[in-house]
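Given next are the chains, with one letter for each unit.
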Amino acid sequence: MFCSRARQHGTLSLLSNLFKKSSKPSLFSSNSNPNISNPKTTTKRPTSLATLNPQETSLTVSITSSPVASICSLLSNSVKEPVKIESLLEDYKGMLNSDIVLQVLMNYKQLGRVKTLEFFSWAGMQMGFKFDDCVIEYMVDFLGRRKLFDDMKCFLMTVLFHNGRVTCRAFSICIRFLGRQGRFREALCLFQEMETKFNCRPDNFVYNNMLYVLCKKDTSGELIDVALSIFRGIESPDTYSYSNVLVGLCKFGRFETAIEFFQEMGRARLVPTRSAVNFLMRELCMLSAKEGAVNEVRVHSSRKPYTILVPNVGPKSGVIRPAVGVFWAVCDLGLLPSTFVIIQLITELCRLGKMTEAFEILKVVEERKLNCVAEGYSIVMRALCEYRLVEEASHLFGRMLSLELKPKLVVYNSIICMLCKVGRLDDAQRVFQIMSKKRCLPDSVTYTALVHAYGEARNWEVAYDLLMEMLGLGWIPHFHAYTLVDKLLREHERIDLSNKLERKLESQILHKHCKAGQLEAAYEKLRSMFEKGFYPPMYVRDAFEHAFQKYGKLEIARELLQNMDKTCEPSKTEIRSSR
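Residues numbered from 1 in each chain as written. Predicted model: local features only at pLDDT ≥ 70, side-chain atom pairs only at ≥ 80, totals over all residues. Heavy atoms only, no water.

## Considering the overall build of the chain
So, step 1. Across its full length, the chain holds 31 helices and two strands.
So, step 2. Every one of the 579 residues in the chain was classed for burial, and the buried ones make up 49%.
So, step 3. Expressed as a percentage of contacts within the chain between residues at least 6 apart in sequence, the contacts between residues at least 24 apart total 70%.
So, step 4. For the chain, the accessible surface area stands at approximately 29200 Å², while carbon and sulfur atoms represent 50% of it. (Helix = DSSP H or I, 4+ residues; strand = E, 2+ residues; numbered from the N terminus. Buried < 20%, exposed > 50% of the residue type's maximum accessible area, 1.4 Å probe, protein only. Contact = heavy atoms within 4.5 Å. Areas by Shrake-Rupley, 256 points an atom, 1.4 Å probe, with all protein chains shown as cover.)

So this is what it looks like as structure tokens:
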């Protein structure tokens, strides 16, 4: 059945033979419509037919299961003992009807594909292909799911040849499956021949599936103008019609037209799909982000042209305005974009310094209790700290604590760095204490900011304590932070604390080399400590031996340690102070 592919499975070619006898022109031919030889395209999802399934069609006539069961049993047994289907089902010719045919087709898992197609070819010849709509729709879906597109075309033309009727739903199924496989031109030809050849006027299901194929599946961008012309031919476009075209326009960079379509939807009192809103806002935010990025500029003035990278100086906000407008428009309609898109919008607003708009959107997120509220607060907090808006950041930080949002480490670091830069050390210390109470462990950024701030304020006691605490947690301070504290200690004649700080730093660096397996660097560091008279703590010594033992060089490590033990035997007080 149904052309060459079906014949490879041993099926009958009855429909194909009937199709050859027909005087009608071939369907889906490349020359069927000269006006679409070079169109332009777009892409969007066919929500109109995504859930339709011909198997769910309710039967209007109740039939007994005996004819269906008998036919299925005969066809299943004939697999082992091949018999011609004409003689096998001779007794069932008189009782055939669309309901029985559909019931047998729905047992395709028991029959297999070959037997199912053979039965349908035989039943079609017996009934003159005068099937009910549900049978034709089911068979089109059956062939489309198995990618038998040539057979699907032959089937449609055979039904037409026998003066049968093909419904809009059957055409929608064909267009959907053709589009999924990238056969866009064939789907377009079928759509354009619906009225002229099949005398079937497209409904919104057909229109929406055609727009889905052109705007969602096609990635070449050649058929966008065709999609727009098809859209303008719809008498009453619905939500999915607009949404399909909206996504297609955004996908191929026609944002001005997309905004016009969105506004037209508002005037028509139609709510776009959430996926269309997400796509539109995401593309606008990405375009806004590119405004501040580095662009390539081609230089043609020289003998040999070349390309240079030129940064866009100063943030621009031309594209973000329609994105904010879309957000508030759909928000008034009771629809919100996905949390990912909302975070993108808030991030871009913060980058452009539009904190008021970011605050307003954050309020909506908090009122609707979306799961991105914590991330939204973090983004706005970091932006406020970057712009050094101390009062606004303090207020927002207090609100985060009152809502029990548990700020992340990056938020604490942003606040502490901002307060240190503006000289509000007491407030920075309070935030540091809150951080400890909330069980958020600080990192090197936290300590470095505080050490620098207290060092610049010449408060060497607090700076020294923070630096020692930092080393105790295993963090290696920045060179400038260590130099600043060491300079203050020497200015105040605290050489003992300076030596203790240096010994602690050298031990931590040695421990870091041992953990990383850097044997040569660890060996040189321990030897330099030996020359300075520093004895490493026992946990560092054990780590040194373990690192060399792991690589089979324990004797080298022990030799150096023994030489150190002979030269300078550490006192108990020195060991305790070095820990």
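## Re the side chain of aspartate 218
So, step 1. Counting through the fold element by element, aspartate 218 comes out in the loop between α12 (204-217) and α13 (224-232).
So, step 2. Buried charged residue aspartate 218 carries no salt bridge. Nearest counter-charge: arginine 185, at 7.1 Å.
So, step 3. Within the structure, aspartate 218 has its side chain in polar contact with the side chain of serine 220 (distance 3.0 Å). (Lys, Arg positive; Asp, Glu negative; His and termini not counted. Salt bridge = Lys/Arg side-chain N within 4 Å of Asp/Glu carboxyl O. Polar contact = N/O pair within 3.5 Å; in protein donor to acceptor, adjacent residues only side chain to side chain.)

## Thoughts on the nonpolar core
So, step 1. Within the largest apolar cluster, 167 residues are counted, with the highest numbers of intra-cluster contacts made by Val101, Phe119 and Leu345.
So, step 2. In contact with valine 101, not counting residues within four places along its chain, are Leu96, Phe119, Phe120, Ala123, Met127, Phe131 and Val135.
So, step 3. In this structure, Cys514, Ala522, Phe534 and Phe548 belong to the second largest nonpolar core, which totals 17 residues. (Core = buried A, V, L, I, M, F, W, Y, C linked by side-chain atoms within 4.5 Å.)

## Points about the packing of helix α19 (residues 355-367) against helix α20 (residues 373-386)
So, step 1. Two elements in contact, α19 and α20, have axes whose closest approach is 10 Å; the angle formed by their N-to-C orientations is 160°. Overall, the two elements α19 and α20 adopt an arrangement that is roughly antiparallel. Both α19 and α20 take part in a crossing whose hand is left-handed. For the pair α19 and α20, the contacting residues are Met355, Ala358, Phe359, Leu362, Val365 and Glu366 in the first and Val373, Gly376, Tyr377, Val380, Ala383 and Leu384 in the second.
So, step 2. Here the contact of α19 with α20 is composed, by residue class, of 10 nonpolar, one polar and one charged. (Axes fitted to C-alpha atoms, helices over the stretch in contact; angles between N-to-C directions. Parallel < 35°, antiparallel > 145°, perpendicular 65-115°, else oblique. Left-handed = near helix turned anticlockwise from the far one by under 90°. Nonpolar A, V, L, I, M, F, W, Y, C, P; charged D, E, K, R; others polar.)

## Topic: helix α9 (residues 149-161)
So, step 1. For α9, which comprises 13 residues, the first-to-last C-alpha distance of 18 Å matches the rise-based estimate of 18 Å (1.5 Å per residue) to within 8%.
So, step 2. When you tally the buried positions in α9, you get 11 out of 13 residues, the bulk of the element.
So, step 3. Where α9 is concerned, the buried positions are Phe149, Asp151, Met152, Lys153, Cys154, Phe155, Leu156, Met157, Thr158, Val159 and Leu160.
So, step 4. Trailing α9 by a residue or two, asparagine 163 shows a phi angle of about 60°, which is positive. (Expected span 1.5 Å × (residues − 1).)

## Some words on the confidence of the model for the chain
So, step 1. Per-residue confidence for the chain gives a mean pLDDT of 83, with 83% of residues at or over 70.
So, step 2. Predicted confidence for residues 1-65 stays below pLDDT 50, and this span has 179 contacts to residues more than four positions away or in other chains.
So, step 3. Low pLDDT (under 50) marks residues 571-579, which in the prediction has 12 contacts with non-local residues, meaning those over four places away or in another chain. (pLDDT = per-residue confidence, 0-100.)

## What to know about the side chain of serine 243
So, step 1. Along the polypeptide, serine 243 turns up in helix α14 (residues 239-251).
So, step 2. Judged by relative accessible area, serine 243 falls into the buried class, the value being 1%.
So, step 3. Looking at serine 243, its side chain comes within polar contact range of the main-chain oxygen of threonine 239, at 2.8 Å.

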